[in-house]
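# A closer look at the structure
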Amino acid sequence: MKVTVSRKAHFNAAHRLYRKDWSMEQNDKVFGKCNNPNFHGHNYELIVSVTGEIDQETGFVIDVKILSDLIKEHIENAFDHKNLNLDVSEFADLNPTAENIAVVIWQKLRNYIDVNKELEVVLYETPRNFVTYKGN
């Protein structure tokens, strides 16, 4: 019997979508306003879900306090009130699109979640635009 446990979190961050190897015209054509050289920001909403068997001793799939602490330490502390392009090493050479941010979050958390459990990251960049990543 598998159950999914989810935790919501929030962080604010700035970013710029662009490719260093493209001209300003090409970046503007592909990324539009998101290519603003002075950056722009979002109030990101994050849902991290862990799916697995219920532990018969504890009754948990994962202790929500542990999941909360992992998100706080590895995601919120790393991303909140940061410029993703300039302040977060994972995006030094990776365009911080919502898709790439979700994958980075998944990768940062995967090492701390039991390998027998599934991990899913849902990242809302706006209330209407969101991405989901479940791993390969």
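Refer to the preceding data block for the structure.
In this report, we go over the structure that sits alongside the text. (Residues numbered from 1 in each chain as written. Predicted model: local features only at pLDDT ≥ 70, side-chain atom pairs only at ≥ 80, totals over all residues. Heavy atoms only, no water.)

Next up on the list: the sheet that holds strand β2 (residues 40-53). Read across the open sheet, the five strands follow the order β3-β1-β2-β4-β5; overall the sheet is mixed. Where the open sheet ends on each side, the last strands, each with one partner, are β3 (82-83) and β5 (130-133). Contacts between helix α2 (residues 64-79) and the sheet are confined to β1 (2-15), β2 and β3, with β1 contributing the most and set at about 20° to the helix. Sitting on the sheet, helix α4 (residues 98-110) touches β1, β2, β4 (118-124) and β5, and the angle it makes with β4 is about 145°. (Pairing = 2+ DSSP bridges. Helix = DSSP H or I, 4+ residues; strand = E, 2+ residues; numbered from the N terminus. Contact = heavy atoms within 4.5 Å. Axes fitted to C-alpha atoms, helices over the stretch in contact; angles between N-to-C directions.)

A few words now on the packing of aromatic side chains. Taken as a whole and judged by the stated rule, the model has six aromatic pairs. Ring geometry for Phe-79 against Phe-91: centres 6.2 Å apart, planes inclined by 55°, an arrangement best described as tilted. Of the two residues, Phe-79 is situated in helix α2 and Phe-91 in the loop between α3 (84-87) and α4; the sequence distance between them amounts to twelve residues. Side by side, Phe-79 and Phe-91 carry an identical accessibility label, which is buried. Put simply, the rings of Phe-11, Tyr-44, Phe-79 and Phe-91 touch in pairs and so form one group of aromatic residues. (Phe/Tyr/Trp six-rings, centres within 6.5 Å; stacked < 30°, edge-to-face > 60°. Buried < 20%, exposed > 50% of the residue type's maximum accessible area, 1.4 Å probe, protein only.)

Moving on, we come to the side chain of His-42. Structurally, the position occupied by His-42 is in strand β2. A polar atom in the side chain of His-42 sits 3.3 Å from the side chain of His-15. Polar side-chain contacts of His-42 include one of 3.2 Å to the side chain of His-40. Residue contacts for His-42: discarding those within four places in its chain leaves Phe-11, Asn-12, Ala-13, His-15, Glu-125 and Thr-126. (Polar contact = N/O pair within 3.5 Å; in protein donor to acceptor, adjacent residues only side chain to side chain.)

Glancing now at the side chain of Glu-76. Assignment of secondary structure puts Glu-76 in helix α2. For the buried Glu-76, no salt bridge exists, and the shortest N-O distance to an oppositely charged side chain is 5.0 Å, to Lys-72. When sequence neighbours within four positions are dropped, the list of residues in contact with Glu-76 reads Ala-9, His-10 and Ile-71. (Lys, Arg positive; Asp, Glu negative; His and termini not counted. Salt bridge = Lys/Arg side-chain N within 4 Å of Asp/Glu carboxyl O.)

Remember that the coordinates give geometry; whether it matters functionally is a separate question.
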